[in-house]
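Next come the chains, spelled out residue by residue.
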Amino acid sequence: MKTTDFTTCNVCDNPGTLETAKEVEEIYSDRRKFSDRKFTVWRCSSCGSLHSKEAVNLDEYYQGYLGNQRLDYFLSCMYYTRLKLLSKYGFRKSSTLLDYGCNQGLFLSFLRERGYKNVFGYDAYIPKYADETVLSKKYDFVVSYQVIEHVEEPRHFFRQAASCLEQGGILVIETPNATDISLSGIDEGPLDKKRLLHQPYHRHTLSQQALLGLGLSQGLSVVPSSSRIEYDTLFPGVNNRAISTYFQLAGDVHDVIEEPFQIKTFLTSPQLWFYCFFGYFFPVKGYMRVIFQNLSES
Ligand SMILES: [Zn+2]
């Protein structure tokens with residue numbers, strides 16, 4: 001799918017434009033294959049969301065994307081944390097769940113192995129999960145982890161996700177937070193803007209204000225929750241600080257997710273050992289998780 005040039009914010013009611021943007025920066029792609037290509041990212045002066053300008057052929061970029069992921073130690077710890085959080089909000093073995101943007105469906109497999117049978121996935125780029133009929137049904141839980149930033153029309157995506165909620169249903173959205181990403185200047189900490197903006201894959205990176213606004217526009221209520229995202233845990237090595245530090249040492253590209261674990265990199269960095277065990281206590285900004293609930297009467 002070929003996109004078009006993007007110059008007017010599509011997530012807020014008083015849209016800013018590229019022309020009036022105070023922050024505009026050219027960002028190199030963080031994938032090895034495309035690391036010589038750069039993309040214009042600009043911030044909406046109204047809602048603070050970040051947008052990728054240039055038209056791109058997404059089919060080219062998504063070829064083989066995240067195709068090698070397995071349910072390894074890291075993902076198992078993440079999914080365990082996800083499940084624990086969902087359980088806190090009432091997720092039971094009898095509950096229905098839609099994983100919107102499920103990629104290879106690994107989280108669904110994790111849940112099914114533990115006796116959660118009513119779980120479904122949708123992902124437009126994965127033939128096994130591209131059947132849109134799952135989007136016409138209602139679920140107790142709709143979850144979407146690191147997906148909304150990839151879509152062309154976040155409002156449409158959010159509306160569709162919200163429309164799949166049963167009355168009382170819970171919607172979990174986890175995504176980078178534009179408010180925490182500085183376009184101009186040097187980023188502090190291990191999460192640099194190149195990786196958070198993940199060009200050209202992240203088409204629109206929402207500010208928290210914009211994401212809350214999308215919930216409000218669909219009549220959803222915000223449920224208070226911890227801001228710790230699913231891979232910021234107390235499991236050894238599975239925290240945002242350690243993962244970010246490892247990424248930096250291992251090449252600072254997105255491809256690291258799919259590549260074999262670099263034992264030598266690990267063994268030669270005392271800083272990384274330290275963060276593996278204590279990184280949870282050194283939180284890193286850059287992502288947000290917002291939980292919404294459909295409390296409407298009808
Ligand atoms: Zn905006």
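In this report, the structure presented in the accompanying data block is examined. (Residues numbered from 1 in each chain as written. Predicted model: local features only at pLDDT ≥ 70, side-chain atom pairs only at ≥ 80, totals over all residues. Heavy atoms only, no water.)

### What to know about the packing of aromatic side chains
In plain terms, the rule: Each aromatic pair joins two rings of Phe, Tyr and Trp (for Trp, the six-membered one) with centres within 6.5 Å, and gets the label stacked for planes under 30 degrees apart, edge-to-face for over 60, and tilted for any other angle. Counting from the N terminus, the helices are DSSP H or I runs at least four residues long and the strands are E runs at least two residues long. Partly exposed residues are those whose accessible area sits between 20% and 50% of the maximum for their type, while under 20% is buried and over 50% is exposed, using a 1.4 Å probe and protein chains only. Counting as a charge over the ring demands two things of the Lys NZ or Arg CZ atom: a distance within 6 Å of the ring centre and an angle within 35 degrees of the ring normal.
All told, the structure shown has 28 aromatic pairs when counted by the stated rule. With a centroid separation of 5.1 Å and 55° between ring planes, the pair formed by Y79 and F107 is classed as tilted. With a gap of 28 residues between them, Y79 in helix α2 (residues 73-88) and F107 in helix α3 (residues 106-113) connect regions that are remote in the sequence. Each member of the pair Y79 and F107 is classed as buried. On the numbers, 5.2 Å between centres and 45° between planes, the contact of F274 with F278 is tilted. A residue pair is termed a helical-turn pair when its members lie 3 or 4 positions apart in one helix, as F274 and F278 do in helix α9 (residues 270-278) at four residues. Pairwise contacts between aromatic rings join F34, F39, Y61, Y62, Y65, Y125 and Y201 into one cluster. Sitting over the face of the ring of Y145, R82 holds its NZ or CZ atom 3.5 Å from the ring centroid.

### Some details on the pattern of salt bridges
Quick reminder of the rule: Any Lys or Arg side-chain nitrogen located within 4 Å of an Asp or Glu carboxyl oxygen qualifies as a salt bridge.
Considering all chains together, one arrives at twelve salt bridges under this definition. Here E258 ties to R31 by a salt bridge, and the two come within 3.8 Å at their closest N and O atoms. You can see E258 sitting in the loop between α7 (240-250) and α8 (263-267) and its partner R31 sitting in the loop between β1 (24-28) and β2 (38-43), a full 227 residues away along the chain. Given the relative accessible area of 6%, R31 is considered buried. Between R82 and E230 there is a salt bridge, and its shortest N-O distance comes to 2.2 Å. Of the two residues, R82 sits in helix α2 while E230 sits in the loop between β9 (221-223) and α7, which places them 148 residues apart along the sequence. Residue classification places E230 among the buried residues on the basis of a relative accessible area of 2%.

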